[in-house]
Amino acid sequence: MACDSAGVLMPSVQPMADWLKPGGLRPTNEWFQGLAVAGDARQIVGDFNGQATAYGLSTSGTGLERLGYSITATRWRMPLGFPLVHEASNHRTMDGLGRAVMINERVGQIDRLEAHMSWALSPSVEFRFGQEGHHWGPGARSLFLDRHMAPAPSARLWVDAGVVQYAHVLMRTRHSIPGLDSAEVGWMAAHQAEVVLGGGFSGTVFGAVKWRGHDVAVERRIEPHYLVPFVAFRPMEYGQGSADNALVGAQLTWRGPTRRQHQMTAYAQGLLDEFLWSKLRNEPHWWGNKWGLLMGTHLVTRSGKFGWLVEGSAVRPWTYTHQTQPLSFSHNHQPLGHPAGANFVECRMRLSMALPRDMTLRVGVLRRWQGLSTGGDEFLLGFAAGEMPWTSFSERESDGDQTLLQGARSDLTRLELDLSHPVGSRYGVGGVEVFVRAWTRLESREDGVPAWQDPWTTGRVEAGLRQSRVMDERDW
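In this text, all values refer to a predicted model and were calculated from it rather than measured experimentally.

**Details of the overall build of the chain**
- Within the chain, the regular secondary structure consists of four helices and 23 strands.
- Taking all 476 residues of the chain together, 50% fall into the buried category.

Listed below in structure tokens is the structure:
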């Protein structure tokens, strides 16, 4: 339950060392654990009628109780509609899944590669590098690093000192140039330290900093300052004469049994990006007051038959946004943090229920209110509302009067039902299940205030066979 998805309410890709996982998940000393087929086959009825397929291979291995590796490569083909066609055509990416091209006007091909190698220096220290996604936080969504992000090349240090656990990552980000098959390079250093406080509580502080891979008279730049663990990034930024790109935050979590021995987790997360305390206190509508808040709780019953999650979040305009794309907290045209970007308020609920004959029913509800920019295109804006991290903050209308949900108001409701039944054990292939999935996405806009893109209302029913991880709340 600590590390993977299919059988639990809350999928997680937390920064945990392979050799420190619970006993049932700990690697065995097998250098080559064979080839496994990874894939997905769906028949889609509704909007974008057609077939969607994913096919690929994965392998993994461990040895010497110190070394480990894993590789998964998949190619997806699926019918796409607006705005996913727009993203695949203009940015060569698709909704955090991977690198994309359009085969024709309605079918896209997306390649996804996830791979890592790890080396445990000791039972409590591990290095890991490769191309993968990250999710740092106990919720369905995270304001810091969210599982929705596209896989990115990265190197990570993980230290478990018992009461204190520490993760430090260096990540290379890609920022597409619209209309061209080329990109700019950015770098991000991020770290977090979680401290056990007792009584089921733990407290976490985290920080990150972004910089350009190519700067004036400097190319392929990796800042060595941010490779030093256990130091604060923001004072380091000040020391270099630039405090523009530092992000800091904190998290409080409680985990434990309820009176009836159900397993419960409650959490709160706060984030500050490029802030000044005097402005935050005295000028609440200043554009640079960039913050986000997230709170939630989830519970799994003692028997494991039922689980539920309730979560809410709000993020101010221009959060994660900086002067140029490589400085923004984004990668492959998707946020590194919350997938909605910024300038929104939302709440979500999930329910998981184990049914007879090994069937599982999952129900998801999402409500989101967001302010959107107006104009003819995302890079030809009449009014920039600050919801897109890759839009330069230099496009803001003024320094003051920047309010939450400014711009064209969007009201989004998303409903999803997923019924699945595992069949892999019959054929000796783990994780394979047949499923039926129905979802609808209903979006409306404030009358008389057009956004840069039209509202997207769609829905469909899917049935098929899947072996790959379910990627939550993606509309494809």
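Now, onward.
**Let's talk about the side chain of Glu 346**
- The topology assignment puts Glu 346 in strand S17 (residues 344-355).
- Here His 338 takes part through its side chain, which lies 2.8 Å from a polar atom of the side chain of Glu 346.
- Among the polar contacts made by the side chain of Glu 346, one reaches the side chain of Arg 348 at a distance of 2.4 Å.
- Other than its neighbours up to four places away in sequence, Glu 346 contacts Arg 141, Glu 311, Gly 312, Ser 313, His 338, Leu 366, Arg 367 and Arg 368.

**With respect to helix H1 (residues 84-91)**
- Of all eight residues that make up H1, six are buried, and the element is covered over most of its length.
- Of all the residues in H1, the buried ones are Leu 84, Val 85, His 86, Glu 87, Ala 88 and His 91.
- In this structure, the buried residues of H1 make contact with strand S4 (99-102), strand S8 (164-176), strand S16 (334-335) and strand S19 (374-377).

**Observations regarding the pairing of strand S18 (residues 359-372)**
- Pairing of S17 with S18 involves 12 bridges; the strand directions are antiparallel. Its bridge partner being in S18, Arg 350 is matched across the sheet by Gly 364.
- Between S17 and S18, which pair antiparallel one after the other, the connecting turn spans three residues, and Arg 357 there sits at a positive phi close to 60°.
- Across 13 bridges, S18 lies against strand S21 (residues 408-422) in antiparallel orientation.

**Quick notes on the packing of aromatic side chains**
- Counted according to the given criterion, the structure contains seven aromatic pairs.
- Both rings, one in Trp 76 and one in Trp 476, keep their centres 5.5 Å apart while their planes meet at 80°; by these two values the pair is edge-to-face. Here Trp 76, found in strand S3 (residues 67-79), pairs with Trp 476, found in the segment after strand S23 (458-466); they are 400 residues apart in sequence, far enough to count as distant. The exposure classification of Trp 76 matches that of Trp 476, with both residues buried.
- The interplanar angle of 65° and the centroid separation of 5.5 Å between the aromatic rings of Trp 136 and Phe 144 together place this pair among those described as edge-to-face.

**A look at unusual backbone geometry**
- Cis rather than trans, the peptide bond between Phe 82 and Pro 83 has omega equal to 5°.
- Looking at the element boundaries, Pro 83 is found in the loop between S3 and H1.
- Positive phi values are uncommon outside glycine, yet Gln 261 reaches one of about 70°.
- With respect to the helices and strands, the residue Gln 261 is situated in the loop between strand S11 (246-257) and strand S12 (263-273).
- Despite not being glycine, Leu 405 shows a phi value in the positive range, around 70°.
- The residue Leu 405 is located in the loop between strand S20 (380-383) and S21 in this model.
- What makes Leu 405 buried here is its relative accessible area of 15%.

**Focus on the pattern of salt bridges**
- Evaluated as defined, the whole model comprises 30 salt bridges.
- The salt bridge involving Asp 399 is made with Arg 396; its shortest N-O contact spans 3.0 Å.
- For Asp 399, a relative accessible area of 43% translates into the label partly exposed.
- Within the structure, one salt-bridge network assembled from shared partners comprises Asp 40, Arg 42, Arg 414, Glu 416, Arg 437, Arg 441, Glu 443, Arg 445, Arg 460, Glu 462 and Asp 475.

**Points about the environment of Ser 352**
- Mapped onto the fold, Ser 352 is located in strand S17.
- Since its relative accessible area comes to 14%, Ser 352 is described here as buried.
- For the pair Ser 352 and Gly 307, spaced 45 residues apart in the sequence, the C-alpha separation amounts to 5.0 Å.

**Observations concerning the nonpolar core**
- If you look at the biggest cluster of nonpolar residues, it comprises 27 residues, and the most contacted ones within it are Trp 136, Phe 144, Met 188, Ala 190, Leu 247 and Tyr 320.
- For this core, the secondary structure elements donating two or more residues are strand S7 (152-160), S8, strand S9 (183-198), strand S10 (201-212), S12 and strand S14 (306-315).
- With three residues, S8 is the largest single contributor of residues to this core.
- Here Phe 144 is in contact with Trp 136, Ala 190, His 191, Gln 192, Phe 206, Gly 207, Ala 208, Leu 247, Gln 269, Leu 271, Leu 336 and Gly 337, once residues within four sequence places are set aside.
- Ranked by size, the runner-up nonpolar core spans 16 residues in total, among them Phe 48, Ala 52, Ala 88 and Met 94.

**A word on the confidence of the model for the chain**
- This prediction gives the chain a mean pLDDT of 86; 89% of its residues lie at or above 70.
- Taken together, the stretch residues 1-12 has pLDDT below 50 and engages in 38 contacts with residues farther than four places along the chain or on a different chain.

**Some details on the side chain of His 168**
- Inspection of the secondary structure puts His 168 in strand S8.
- Overall, the relative accessible area of 7% leaves His 168 in the buried class.
- In this structure the side chain of His 168 is engaged in a polar contact, spanning 2.9 Å, whose partner is the backbone oxygen of Tyr 226.
- Sequence-distant contacts of His 168, that is, excluding residues within four places in its chain, are made with Ala 155, Arg 156, Leu 157, Ala 190, His 191, Tyr 226, Leu 227, Val 228, Pro 229 and Phe 233.

**Quick word on the environment of Arg 302**
- Looking at where Arg 302 falls in the secondary structure, it is placed in the loop between strand S13 (290-300) and S14.
- Not counting chain neighbours up to four residues away, the residues in contact with Arg 302 comprise Arg 260, Gln 261 and His 262.

**Some thoughts on the pairing of S11**
- With nine bridges connecting them, S10 and S11 associate as antiparallel partners. Paired with Phe 206 across the strands is Gly 249, a residue of S11.
- Judged from the 11 bridges that link them, S11 and S12 form a sheet pairing that is antiparallel. Among the inter-strand pairings, Gly 249 is bridged to a residue of S12, identified as Leu 271.
- What sits between the antiparallel neighbours S11 and S12 is a turn of five residues, in which Gln 261 has the positive phi angle 70°.

The rules behind each value
- Residues numbered from 1 in each chain as written.
- Predicted model: local features only at pLDDT ≥ 70, side-chain atom pairs only at ≥ 80, totals over all residues.
- Heavy atoms only, no water.
- Helix = DSSP H or I, 4+ residues; strand = E, 2+ residues; numbered from the N terminus.
- Buried < 20%, exposed > 50% of the residue type's maximum accessible area, 1.4 Å probe, protein only.
- Polar contact = N/O pair within 3.5 Å; in protein donor to acceptor, adjacent residues only side chain to side chain.
- Contact = heavy atoms within 4.5 Å.
- Pairing = 2+ DSSP bridges.
- Phe/Tyr/Trp six-rings, centres within 6.5 Å; stacked < 30°, edge-to-face > 60°.
- Salt bridge = Lys/Arg side-chain N within 4 Å of Asp/Glu carboxyl O.
- Core = buried A, V, L, I, M, F, W, Y, C linked by side-chain atoms within 4.5 Å.
- pLDDT = per-residue confidence, 0-100.

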